[in-house]
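Per-entry structural report
Residue strings, one per chain:
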Amino acid sequence: NHAPHWTMVNVRNHASAVKRNGLTPLNIAIIILSLASVVFNFGLLKKNRLELSTGAELLSPVATTTSPPSSLVVEDSNIHYKSSDFAVAKRESLNFFDDTPSAHWKLYKERVKWQAPNYNDYWLPIWDETTGKQRAMFNKGQENEEPDERNRPMGHFYQNHFEPEFSCQHERRIGKRGDGGKWICDPHRIASQKECLVYSVGSNNDFSFEESVHKNIGPHCKIHTFDKGPYMRGARKAHVKYHRYFVGNDSGENVKSIATIVKELGHEGRTIDIFKIDCEGCEWATAKHWFEAPVTIRQVQVELHNAVRKTTPQFFDIMWKHHYVITHKEPNTAYPGAIEYAFLKLAPEFFEGIYRLNASNTDEFFEKFPNATR
């Protein structure tokens with residue numbers, strides 16, 4: 001509104017006329033009217049700004065809701081949720097998300113459902129169960145053509161399958177920049193716990209991840225690292241309990257299953273808040289044994305190596321079967337044969353109404369077609 005500006009110009013012009021011609025009744029009247037116009041226009045401008053500000057407030061989520069949810073209590077223009085509205089998220093996250101409103105939690109679930117099956121079902125399962133041919137080739141009707149090998153290269157496989165399907169709003173990368181750091185879902189929630197238990201599988205004498213957990217999540221975290229190397233000195237500096245054996249399936253010397261480790265360390269019934277594993281390929285053979293122990297593994301941070309056409313889809317089926325969602329995916333561009341994944345465990349109730357067929361072929365299929373993986 002430019003009216004005040006032009007009115008002031010008018011007042012100044014008449015003031016100049018007064019200097020030239022002297023004070024006349026007409027000039028007095030014009031000056032009074034001009035000043036009155038200035039006051040009026042400034043008042044109008046102030047009113048418009050106030051209305052604009054009020055209009056902006058109407059864009060808030062509460063104001064645009066015709067009938068606000070009963071779970072909302074509005075005090076001094078701030079939104080406060082009743083603690084009872086957090087109950088669903090708390091229950092279905094196994095007590096991890098204790099401050100997430102039910103409306104927000106519903107959106108989390110809808111995303112997982114929308115993204116299911118979270119793989120490109122044109123290529124997975126790779127082989128047709130009745131013919132033994134690769135499905136991508138079979139779907140094209142190319143029964144006499146060379147097989148479609150696009151699932152074999154690692155980069156192509158992970159480009160087409162298994163994207164993050166669940167978001168942790170306050171995730172952080174714990175550990176050093178570059179290779180070795182891991183994305184942890186909302187570590188502030190772990191920091192606020194009375195107890196914290198971390199299993200770190202694979203070290204190679206690099207304890208930067210463990211040191212970051214101790215420093216950035218909290219000294220209340222009891223960290224156990226497992227590796228075959230003689231890295232006890234580095235472990236002591238990193239506030240780590242070091243175990244000189246590897247995680248597997250109790251099948252060899254200095255190799256123990258998670259179930260055996262949990263029992264020996266007295267962790268039955270506990271929650272392993274972070275299970276970080278980088279074992280240079282052992283994940284394909286050992287993953288099915290991770291969940292045999294009487295513990296709850298809250299988060300899994302794993303570096304996967306390459307893409308094995310038979311066992312890689314099986315790995316993701318195992319994680320889904322045990323109620324894990326993918327929260328992060330990070331290609332290791334420095335070492336193209338590896339890719340980082342982060343998983344979070346949720347309660348079975350979270351997955352009700354979400355259906356996903358297996359991405360892998362059955363064991364019976366591989367018995368019938370033993371040459372399928374070649």
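As a starting point, this report considers the structure included with it.

Definitions and limits used
- Residues numbered from 1 in each chain as written.
- Predicted model: local features only at pLDDT ≥ 70, side-chain atom pairs only at ≥ 80, totals over all residues.
- Heavy atoms only, no water.
- Patch = residues over 30% accessible without salt bridge, like charges linked within 9 Å, V, L, I, M, F, W, Y side chains within 5 Å.
- Areas by Shrake-Rupley, 256 points an atom, 1.4 Å probe, with all protein chains shown as cover.
- Salt bridge = Lys/Arg side-chain N within 4 Å of Asp/Glu carboxyl O.
- Lys, Arg positive; Asp, Glu negative; His and termini not counted.
- Charge placed at Lys NZ, Arg CZ, Asp CG, Glu CD.
- Helix = DSSP H or I, 4+ residues; strand = E, 2+ residues; numbered from the N terminus.
- Buried < 20%, exposed > 50% of the residue type's maximum accessible area, 1.4 Å probe, protein only.
- Arc of directions from axis to C-beta.
- Contact = heavy atoms within 4.5 Å.
- Disulfide = S-S within 2.5 Å.

Before going further, it helps to examine a negative patch on the surface. On the surface, Glu129, Asp363, Glu364 and Glu367 cluster together to form a negatively charged patch. Turning to its location among the elements, Glu129 is positioned in the loop between α5 (102-115) and α6 (135-139).

With that settled, the discussion passes to helix α11 (residues 258-265). Taken as a whole, α11 has its buried residues at Ile258, Ile261 and Val262. Projected down its long axis, α11 shows its buried positions confined to an angular sector of 100°, all on one face. Those residues of α11 hidden inside the fold are in contact with β5 (196-201), β6 (221-226), β8 (246-247), β9 (255-256) and β10 (271-277). One or two positions beyond α11, positive phi appears at Gly266, with a value near 70°.

Next up on the list: unusual backbone geometry. With an omega dihedral of 10°, the bond running from Ala116 to Pro117 counts as a cis peptide bond. Residue position: Pro117 is located in the loop between α5 and α6. With an omega of -10°, the peptide bond between Leu124 and Pro125 qualifies as cis. Relative to the assigned elements, Pro125 resides in the loop between α5 and α6. Despite not being glycine, Asn118 shows a phi value in the positive range, around 65°. Within the element layout of this structure, Asn118 appears in the loop between α5 and α6.

Applying the stated criterion across every chain yields a total of three disulfides. A disulfide bridge connects Cys168 with Cys185, and the sulfur atoms are separated by 2.1 Å. With the S-S dihedral at roughly -95°, the linkage between Cys168 and Cys185 falls on the left-handed side. Note that Cys168 is positioned in the loop between α7 (154-160) and β3 (172-174) and Cys185 in the loop between β4 (182-184) and α8 (187-191), a separation of 17 residues in sequence.

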